[in-house]
Protein chains: 2
Amino acid sequence: MIQKLTEHDRENLQESLATSGQKVTPQREIVFAVLLAKRDHPTVEDVFQRARESMPGLSLATVYNCLETFVGCGLVRQVNHERESTRYCPNLAPHAHFRDEATGHVHDIELPPEIIQSLRSILPAGFNSETIEISFRGRSQETAPRSTSN
Amino acid sequence: MIQKLTEHDRENLQESLATSGQKVTPQREIVFAVLLAKRDHPTVEDVFQRARESMPGLSLATVYNCLETFVGCGLVRQVNHERESTRYCPNLAPHAHFRDEATGHVHDIELPPEIIQSLRSILPAGFNSETIEISFRGRSQETAPRSTSN
DNA sequence: GGAATGAGTTGGAATGATTCCAATTTGCAA
DNA sequence: TTGCAAATTGGAATCATTCCAACTCATTCC
Ligand SMILES: [Mn+2]
Ligand SMILES: [Mn+2]
Ligand SMILES: [Zn+2]
Ligand SMILES: [Zn+2]
C-alpha cells in the first residue's frame, strides 16, 4: 500500500539519521514513508496501522522508537492538542496547527516570519525561547478533500 | 495554610458557578482558593496536596471534579505542555505561556490584542477559531522569586 | 569462515495521568 | 421528617506511553 521513498526523501532520511549517528533500517524507511504519504498528522496508532500493511511484522514499540528517533534528529515534529494522543507532522516549515473540533482533523497553517518575530518580541527580557507552538481550535468548512500527496 | 477567599473572589466563584447551575461547596471554595493563592500553574496533584492542608479528607477525585467544573464555567484555564500533567491557571486575561525547560516553571506572558488579531488574520477563509493557544519553551533567568500574591 | 559486538527490533509488562463507577454524604425542598 | 438531586469519595478501569529483557542482524575482528 505504501509507495517507496523517492530518491530525494531517502537521502534526506539517510543524512538526518547519519548526523545523529544512526542508520536507515527497513522499519524506519516505512514509517517515514507513511508520514510523507498522508500528511494528516497521524497518531502513533495510525502510523502503526498504515505501516503494517507493508510490513506485517512491524511492532508498535518500533513505531514509537522510529518516531522518537525522527523527532530527535529533526525530521518530524510532534503535535499535541489538549490531552489527546500525540500526532506527527513531517512539515518542517514554520507553521501553526488548526484543530477542527467537529472532525478532529488537524490542518497546517502557514506562519509568516513577521508573525514569529512579533511573537518573540513580546517576551520580557531574560526569556529565551527556542520553540514557539501555536494552535487554533475551532470549526472549518472542511474544503477540498486534500490529496494523498507526496 | 490556605487563606479564605476574599469577599470579591467568593462572589466571583458563586456567580460563575451559578450561571451553569452549580453551587459553591466547601471543596470548591478551597480548590479555588488554592489556585488563587499561588499562581504557579499547579498540576492536579499540586492542588490536591495544597488543598489537603486545609481539608484533610478531600479526595483526589473531587479535585479533578472541581477543576473540570471551573474550566467548564470559565473560571480557570487548562495549560498543557507536551505530554506533561495538565496544569491550571486562574489568570483570565489573554496570555501565552512560557515553560522554562531548566526549572519546569510556567510563566504567564501578556498577549497584546494586536498580536491576537494578526494571528487570527493568518487563518485561511473557512477557518473559524474560538481558541488560540501559544506556548513558548526555553530558558529564563528566573528573576524575582514571584510573590505568593493575591 | 566464525565468534564477538552493538544497534535495532520485538512482545509484553509496568507506569501514571485521567476517567469511570457505585456507594455515601450533603443540602434543600416538599 | 422524608426524599431528591447534586456532590463527594475510594477504588477500579483506561489507555497512551515507557520500560525491559530477549532476540535478530549486520559489521568488525581474529
Ligand atoms: Mn481535514
Ligand atoms: Mn518561576
Ligand atoms: Zn503540521
Ligand atoms: Zn497562565
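Starting afresh in each chain, residues are numbered from 1 along the sequence in its written order. All chains are assigned letters beginning with A, and all ligands numbers beginning with 1, in the order in which they are written. With pLDDT at 70 or above as the cut-off, local features in this predicted model cover only qualifying residues; side-chain atom pairs require 80 or more to be listed or tallied, and sums for whole chains, interfaces and linings still use all residues. Side-chain figures throughout are based on the complete set of non-hydrogen atoms in the structure, without hydrogens or water.

1. Some details on the coordination of the zinc ion (ligand 3)
Piece 1. Only H41 of chain A (NE2), C89 of chain A (SG), H95 of chain A (NE2), H97 of chain A (NE2) and D108 of chain A (OD) from the protein coordinate the zinc ion (ligand 3), and they sit 2.1 to 2.4 Å from it.
Piece 2. You can call C89 of chain A buried: its relative accessible area is 1%. Sodium, potassium and calcium take a 3.2 Å donor cutoff, other metals 2.8 Å, and in both cases only N, O and S atoms count; water is not among them, so sites may look incomplete. Residue burial is assigned from relative accessible area. The probe radius is 1.4 Å, only protein chains are included, and a residue is buried under 20% of its type maximum, exposed over 50%, and partly exposed in between.

2. Overview of the packing of aromatic side chains
Residue and element names in this part refer to chain A.
Piece 1. Classification of ring pairs rests on two measures: the distance between centres of Phe, Tyr or Trp rings, Trp counted by its six-membered ring, which must be within 6.5 Å, and the angle between planes, read as stacked under 30 degrees, edge-to-face over 60 and tilted in between. If you walk through the whole model with that rule in mind, you get 4 aromatic pairs over all chains.
Piece 2. Ring plane angle 65° and centroid distance 5.6 Å describe the contact between F32 and F70, whose orientation is recorded as edge-to-face. In this pair, F32 is assigned in helix α2 (residues 26–37) and F70 in helix α4 (residues 60–72), connecting sequence segments 38 residues apart. Side by side, F32 and F70 carry an identical accessibility label, which is buried. In this text, helices come from DSSP runs of H or I with a minimum length of four residues, and strands from runs of E with a minimum of two, each type numbered from the N-terminal end.

3. Overview of the relation of the copies chain B and chain A
Piece 1. Its rotation angle being 180°, the transformation that places chain B on chain A also includes 0.0 Å of axial translation and leaves an RMSD of 0.0 Å. The transformation just described matches what one would write down for a two-fold rotation axis. Among all residues of chain B, the one whose C-alpha sits closest to the rotation axis is I134 of chain B, at a distance of 2.3 Å.
Piece 2. We call two residues in contact when some of their heavy atoms are within 4.5 Å. A shared interface surface links the copies, since 100% of the contact residues of chain B are contact residues in chain A too. Least squares is the method used to superpose the copies, on C-alpha atoms of residues holding a pLDDT of at least 70 in both.

4. Section: the protein's contact with DNA strand C
Piece 1. Each residue is tested against the molecule or strand, and it is near if at least one of its non-hydrogen atoms lies within 4 Å. As a structural note, the neighbourhood of DNA strand C is formed by 15 residues, with T25, R28 and T62 of chain A together with Y64 and T86 of chain B the closest of them.
Piece 2. Protein-proximal atoms of DNA strand C, defined as those within 4 Å of the protein, fall in sugar or phosphate at a share of 79%.
Piece 3. Think of a polar contact as two N or O atoms within 3.5 Å of one another; within protein, one of them needs to be a possible hydrogen donor and the other a possible acceptor, and neighboring residues in sequence only count if both atoms come from side chains. Between DNA strand C and R28 of chain A, the relevant distance is 3.1 Å, taken from a phosphate oxygen to a side-chain nitrogen or oxygen of the residue.
Piece 4. The contact in question runs from a phosphate oxygen of DNA strand C to an N or O atom on the backbone of S59 of chain A, over 3.3 Å.
Piece 5. Listed by contribution, the elements that provide at least two residues to the surface near DNA strand C are α2 and α4 of chain A.
Piece 6. When residues in the surface near DNA strand C are grouped by element, the largest group, 3 residues, is from α4 of chain A.
Piece 7. When residue character is reported, Ala, Val, Leu, Ile, Met, Phe, Trp, Tyr, Cys and Pro are called nonpolar, Asp, Glu, Lys and Arg charged, and the others, Gly included, polar. Partitioning the surface near DNA strand C into residue classes produces 3 nonpolar, 9 polar and 3 charged.

5. Here's the deal with the pattern of salt bridges
Piece 1. By convention in these notes, a salt bridge is any Lys or Arg side-chain nitrogen within 4 Å of a carboxyl oxygen on Asp or Glu. The tally for this structure, following the rule as stated, stands at 14 salt bridges over all chains.
Piece 2. Notably, a salt bridge pairs D40 of chain A with K38 of chain A, separated by 3.7 Å at the nearest N-O pair.
Piece 3. Here D40 of chain A falls in the partly exposed class, since its relative accessible area comes to 26%.
Piece 4. A relative accessible area of 39% places K38 of chain A in the partly exposed class.
Piece 5. Between E29 of chain B and R10 of chain B there is a salt bridge, with the nearest N and O atoms lying 2.4 Å from each other. Highlighted residues: E29 of chain B in helix α2 (residues 26–37) and R10 of chain B in helix α1 (residues 7–19), separated in sequence by 19 residues.
Piece 6. Given a relative accessible area of 22%, E29 of chain B falls into the partly exposed group.
Piece 7. Through salt bridges with shared partners, a single network forms among E82, E101 and R137 of chain A together with E133 of chain B.

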